[in-house]
Amino acid sequence: MATANEIAQLAASLAQLAERLATHDDDRRPAPRPLPPRVLLTVEEAGERLGIGRTTAYSLVRSGALESVRIGRLRRISVSAIDAFAARLIAGSAGEAAA
């Protein structure tokens, strides 16, 4: 059976080993690659970006007011389509305010 001194030495050795492994893993781990900005968003994400609800965003897509594309079974909205929709809304409200 191991003595208390041997157990303490073993525990200290294990702690040193764990510390070395932790710092060694951090050194070898590659830095995460930054993701490029997304060009296409889901309908939900487009709604969040516009500050509207999911149902309203789907309604705008269905009516064609908010342009979207299909990729297989997926429906996506380009960032430029969101910006164009917002610009139309702003231009329309500015015209109403002037009248």
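**Notes on the overall build of the chain**
Across its full length, the chain holds four helices and three strands. Listed N to C, the secondary structure of the chain is α-β-α-α-β-β-α in terms of helices and strands. On C-alpha atoms alone, the chain measures out to a radius of gyration of 28 Å, which is more than a quarter above the 13 Å that the 2.2 N^0.38 rule sets for 99 residues. In terms of overall dimensions, the chain has C-alpha extents of about 90 × 35 × 25 Å along its principal axes. Buried positions account for 17% of the 99 residues belonging to the chain. For the chain, the accessible area works out to roughly 8000 Å², and carbon and sulfur atoms hold 58% of it. If you average the places of the 13 positive and of the 11 negative side-chain charges in the chain, the two averages end up 12 Å apart.

**Quick look at helix H3 (residues 54-63)**
Looking at H3, one finds that the buried residues are Ala57, Leu60 and Val61. Projected down its long axis, H3 carries its buried residues within an arc of 100°, all on one side. Residues of H3 that are exposed and angled more than 90 degrees away from the buried face: Thr55, Arg62 and Ser63. One or two steps after H3, the chain reaches Gly64, where phi turns positive at roughly 90°.

How each quantity is defined
In this convention, every chain numbers its residues from 1, walking through the sequence in written order. Since the coordinates come from a predicted model, pLDDT governs what is reported: local features require at least 70, and pairs of side-chain atoms require 80 or more to be given and counted, while whole-chain, interface and lining totals use all residues. Computation of side-chain values covers all heavy atoms of the structure but excludes hydrogens and water. Numbered from the N terminus, helices here are DSSP runs of H or I no shorter than four residues, and strands are runs of E no shorter than two. What the globule rule says is 2.2 Å times the number of residues to the power 0.38, and the radius of gyration is computed from C-alpha atoms. Only protein chains enter the accessibility calculation, which uses a 1.4 Å probe; a residue whose area is less than 20% of its type maximum is buried, one above 50% is exposed, and one in between is partly exposed. To be clear on the numbers: accessible area is Shrake-Rupley with a 1.4 Å probe, and residue cover counts the displayed protein chains and nothing else. None of His or the chain ends enter the tally, which takes Lys and Arg as positive and Asp and Glu as negative. Just so you know, the charge point we use is NZ for Lys, CZ for Arg, CG for Asp and CD for Glu. Arc, as used here, means the arc of the directions from the helix axis to the C-beta atoms.

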